[in-house]
Amino acid sequence: MTTSPMLERHVPAMQDRPPASAAAGAPRTGRIPLLAIVFAIGLALFITIDPPRPWILLVVTALVALGADGILRSHPRGEFHTIADTSPHLFVPVLFSLSAGLFLEDVVLGYWAAPTVVGASALMGAALYAEHVSVEPHSESYPGARFVLNVVTYLTAFGFYAVVYGFDVELLPAAFAVGLVSMLLSVEIFREAEADPIRALVFAAVIGVIVGEARWVLYFIPLDGFLAGVFLLLVFYLTTGVISHYLTDHLEHTVVAEFALVTAAGLAIVIGGRVLG
């Protein structure tokens, strides 16, 4: 059966049409650099204005949350209908925004503000793009996205731990804050290893309790802010790493030895800094 020449002229070939996924995903991912720039401007204002204005950091964090939510909802293969669907992907960008602001405001002085703000905004952009890519586990870029998210997760944790300890927050609120942040960040790590969200949340809560108790222990072992942050980060790294490998059935002797070696090296740094300091 032949086809009408008029029909052939007006119906474009299927291969000439752009994929629906590409058409849907391109516009929103292009907003990631814009959101990173907004974050950089807000972060610069927060750490340079004296005295600090907490509302600036809160507004920037809210903008990051709203922007990240919109970027994730635009993913062609994502099924995000409510904030409960996107929230596991928002923990790292939102907490990184708070952690970077508090940490840099505490440690950065003078002309170092410019390069640190640029670096923090680059990490924010990388985290947002990685979150977008990680929605599709079968993507070729997925392993790289997971690596970026793990790095940003541990940096976020360290910033919070050092700030909470360095600000001399009361013991009970400090332990609660450290435990809560650790639990939320653990959700990101376990999101790859555990498909059941309830089970992942239970394991994340266990991590929060363990790290919160570690902060309680530091009350009896006084350390400098950075050393305390390193110690809590070691606890977080060891517990999340071991449980993550357990959930994926990759907890082998070599993996345990690797975590033990890293933990021993970190403890040596903490002990050396405590003795020499």
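The model shown is predicted, which means the values in this text are computed figures rather than measured ones. Residue positions are given per chain, counted from 1 along the sequence in the order it is written. Given that the model is predicted, a residue must reach a pLDDT of at least 70 before its local features are reported, and side-chain atom pairs must reach 80 or more before they are shown or counted; all residues, however, enter totals for whole chains, interfaces and linings. Excluding hydrogens and water, the side-chain figures rest on all heavy atoms present in the structure.

Moving on: the packing of helix α5 (residues 83-107) against helix α6 (residues 113-133). Axes, fitted as lines to C-alpha atoms, cover a helix only where it is in contact. Angles between the N-to-C directions of the axes lie from 0 to 180 degrees. Helix and strand definitions here come from DSSP, where helices need a minimum of 4 consecutive H or I residues and strands a minimum of 2 consecutive E residues; each element is numbered from the N-terminal end. Put simply, α5 and α6 touch, their axes get as near as 9 Å, and they point 175° apart. Relative to α6, the element α5 lies roughly antiparallel. Contact residues: α5 offers H89, V92, P93, F96, S97 and L104, while α6 offers T116, A120, L123, M124, L128 and E131. Throughout this entry, Asp, Glu, Lys and Arg are counted as charged residues, while Ala, Val, Leu, Ile, Met, Phe, Trp, Tyr, Cys and Pro are counted as nonpolar. The remaining residues, Gly among them, count as polar. Of the residues that constitute the contact of α5 with α6, the class distribution is eight nonpolar, three polar and one charged. Put simply, angles under 35 degrees are roughly parallel, angles over 145 are roughly antiparallel, angles from 65 to 115 are roughly perpendicular, and the rest are oblique. The criterion used for residue contact is that any of the two residues' heavy atoms lie within 4.5 Å.

Let us look at helix α10 (residues 225-247). In a regular helix each residue adds 1.5 Å, so 23 residues correspond to 33 Å; α10 covers 33 Å between its end C-alpha atoms and thus fits that length. Residue D249 follows α10 closely and has a positive phi angle near 60°. Multiplying 1.5 Å by the residue count of a helix minus one yields the expected span of that helix.

The interhelical angle for the contact between helix α7 (residues 142-166) and α10, taken along N-to-C directions, is 140°, at an axis separation of 8 Å. It follows that α7 is oblique to α10 by the angle criterion. Considering the relative orientation of α7 and α10, their crossing is right-handed. Taken together, the residues of α10 that come into contact with α7 (itself represented by T153, Y154, A157, F158, Y161, A162 and Y165) are G225, F226, A228, G229, V230, L232, L233, F236, Y237 and T240. When its residues are assigned to classes, the contact of α7 with α10 shows 13 nonpolar, four polar and no charged. The handedness criterion is simple: a crossing whose near helix is rotated anticlockwise from the far helix by less than a right angle is left-handed, and one whose near helix is rotated clockwise is right-handed.

With that settled, consider unusual backbone geometry. Backbone torsion omega between D50 and P51 reads 0°, so that peptide bond is classified as cis. Relative to the assigned elements, P51 resides in the loop between α3 (32-48) and α4 (54-73). Here D249, not a glycine, exhibits a phi torsion of approximately 60°, which is positive. Checked against the element boundaries, D249 lands in the loop between α10 and α11 (253-276).

Looking now at the pattern of salt bridges. One side chain can pair with another of opposite charge once the charged atoms of both are near each other. Salt bridge, as used here: a side-chain nitrogen of Lys or Arg that lies within 4 Å of a carboxyl oxygen of Asp or Glu. By the definition in use, this model includes four salt bridges. Between E188 and R146 there is a salt bridge, with the nearest N and O atoms lying 2.6 Å from each other. Taken together, the residues E188 in helix α8 (residues 171-193) and R146 in helix α7 connect sequence positions 42 residues apart. Under the relative-accessibility criterion, E188 is labelled buried at 0%. A relative accessible area of 3% places R146 in the buried class. With a shortest N-O distance of 2.7 Å, E188 and R191 are connected by a salt bridge. Of this pair, E188 and R191 are both found in helix α8, three residues apart, which corresponds to roughly one turn of the helix. Only protein chains enter the accessibility calculation, which uses a 1.4 Å probe; a residue whose area is less than 20% of its type maximum is buried, one above 50% is exposed, and one in between is partly exposed.

What follows deals with the nonpolar core. Put simply, a nonpolar core is a bunch of buried Ala, Val, Leu, Ile, Met, Phe, Trp, Tyr and Cys residues held in one set by side-chain atoms that sit within 4.5 Å of each other. Of all hydrophobic cores here, the largest spans 66 residues; its most connected members are F39, F190, V211, L223, F231 and F236. Those elements that provide at least two residues to this core are α3, α4, α5, α6, α7, α8, α9 (197-217) and α10. For this core, the element with the most residues is α7, which contributes ten residues. If we ignore the near neighbours within four places in the chain, the residues touching F231 are A214, L218, L223, L267 and V270.

Before going further, it helps to spend a moment on the environment of L104. Tracing the sequence through the fold places L104 in helix α5. Taking the C-alpha atoms as reference points, L104 and A120, 16 residues apart in sequence, are found 9.3 Å from one another. Excluding anything up to four places from it in sequence, L104 contacts L43, I47, T116 and A120.

Such coordinate-based values are descriptive only and should not be taken to indicate function.
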